Amino acid sequence: MTNIAIFASGSGSNAENIANYFASHHDINIAVIISNKPDAYVHERAKQLGVPSFTFKKSDFDNGTVILNKMAEYQIDFIVLAGFLLKVPHSIMEAFPNSIINIHPALLPKYGGKGMYGDNVHNAVKNAGETETGITIHYINENYDEGDIIYQAMCEVADLDTPQDIANKVHTLEQMHFPKIIEKILRKNSKNISKY
Ligand code: GAR
C-alpha cells in the first residue's frame, strides 16, 4: 500500500478530486490531509470523504518534527501539495526525496515564485495578455516553483476571458490530469516507494 498525504491551505477541490480518484484503488490510499489553516474548506471536504485532517501552525511546518511525526503515524510514502501556500522546510524534503510534488496553476517557469498563487496567477496572466496558460506539476525543491517539471497541460486564453474564466479553465485541467499524473509517478517509482 502506498500512502499519500495531501497538504492544502484552501478550498481543497484538488484534494477532493484526488481522494475520489484513488477511492477505488486498492494499493494507493489518501491517508491524511494536512493544512496550515484551521478554517480552510478542505477540512469540511476531508470530513465528507472520511479522510482524517489536521491543522498545524506555521512554526510546526518550519520546524518539521511534528509534521514528520504525523507522516510516520500514517506511514506516508508520498506528499502532494494541492494549493498549499507555505514553503516546505528542508527537513521534510530530506525525509521525502523525490517524493513531494506540487501543482501550480500556470505554465512554469512563467508566473511562479513567492506570492504567485490562486487568483494572483490568473490576474497576472490576464494582465500580461497571454494567449495560453495551463498547469504545471513538478517536484519541489528549496525555491518556490523551481523544482523539476513532471507534466504540463495548456489551455487557450481568449481575448475576452476574465481572470475567473482563466481560473475555470485551469481548474478543469487540474481535475482532469492531477490524479492520473500522481498515479503514473507512483507506479513508475513503486519499487522504491514503500518506506514502511
Ligand atoms: C489550485 O489552482 C492550485 O493549482 C493552486 O491553488 C489552487 C488550490 O485550489 N496552487 C497554487 O497557486 C500554488 N502556488 P483547491 O484548494 O481548490 O485545490
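Throughout this description, residue numbers start from 1 for each chain and increase along the sequence as written. Per-residue local features are limited, in this predicted model, to residues with pLDDT of at least 70; the limit for side-chain atom pairs, both in listing and counting, is 80 or more; totals at the level of whole chains, interfaces and linings are taken over all residues. For the side-chain quantities, the full set of heavy atoms in the structure was used; hydrogens and water were omitted.

**Student:** Would you mind going over the overall build of the protein with me for this structure?
**Tutor:** The secondary structure content of the protein amounts to eight helices and seven strands. For a compact globule of 196 residues, the expected C-alpha radius of gyration is about 16 Å, and the protein comes in at 16 Å, within 12% of that figure. On the principal axes, the C-alpha backbone points of the protein span a range of 50 × 35 × 30 Å. Contacts between residues were defined by any pair of non-hydrogen atoms, one from each residue, lying within 4.5 Å. For the protein, the share of sequence-separated contacts (at least 6 apart) that also reach a separation of at least 24 residues comes to 67%. Working note: accessible area of the protein is about 9700 Å², and carbon and sulfur atoms make up 50% of it. The positive count covers Lys and Arg only, the negative count covers Asp and Glu only, and His and the chain ends enter neither. In plain terms, the charge of a residue is placed at NZ if it is Lys, CZ if Arg, CG if Asp and CD if Glu. Charge centroids of the protein, computed over 17 positive and 22 negative side chains, lie 4 Å from each other. Only DSSP runs of H or I with at least four residues qualify as helices, and only runs of E with at least two residues qualify as strands; both kinds are numbered from the N terminus onward. Atoms counted for the radius of gyration: C-alpha only. Globule rule: 2.2 Å times residue count to the power 0.38. Only the protein chains shown count as cover for residues, with accessible areas throughout obtained via the Shrake-Rupley method and a probe of 1.4 Å.

**Student:** Help me understand the nonpolar core in this model?
**Tutor:** Taken as a class, soluble globular proteins show a tendency for nonpolar side chains to be buried jointly. Among buried residues, the Ala, Val, Leu, Ile, Met, Phe, Trp, Tyr and Cys ones that are joined through side-chain atoms within 4.5 Å form a nonpolar core. Here the term buried applies to any residue with accessible area under 20% of the maximum for its type, exposed to any over 50%, and partly exposed to those in between, with areas from a 1.4 Å probe on protein chains only. Counting 37 residues, the largest nonpolar core has Ile4, Ile6, Val80, Phe178 and Ile182 as its most contacted members. With eight residues, the single largest contributor to this core is helix H7 (residues 163-188). Discounting residues that sit within four places of it in the chain, valine 80 has contacts with Ile4, Ala5, Ile6, Phe7, Ile18, Ile101, Phe178 and Ile182. Core analysis: the second largest hydrophobic core is formed by 20 residues, Phe84, Ile92, Ile100 and Ile140 among them.

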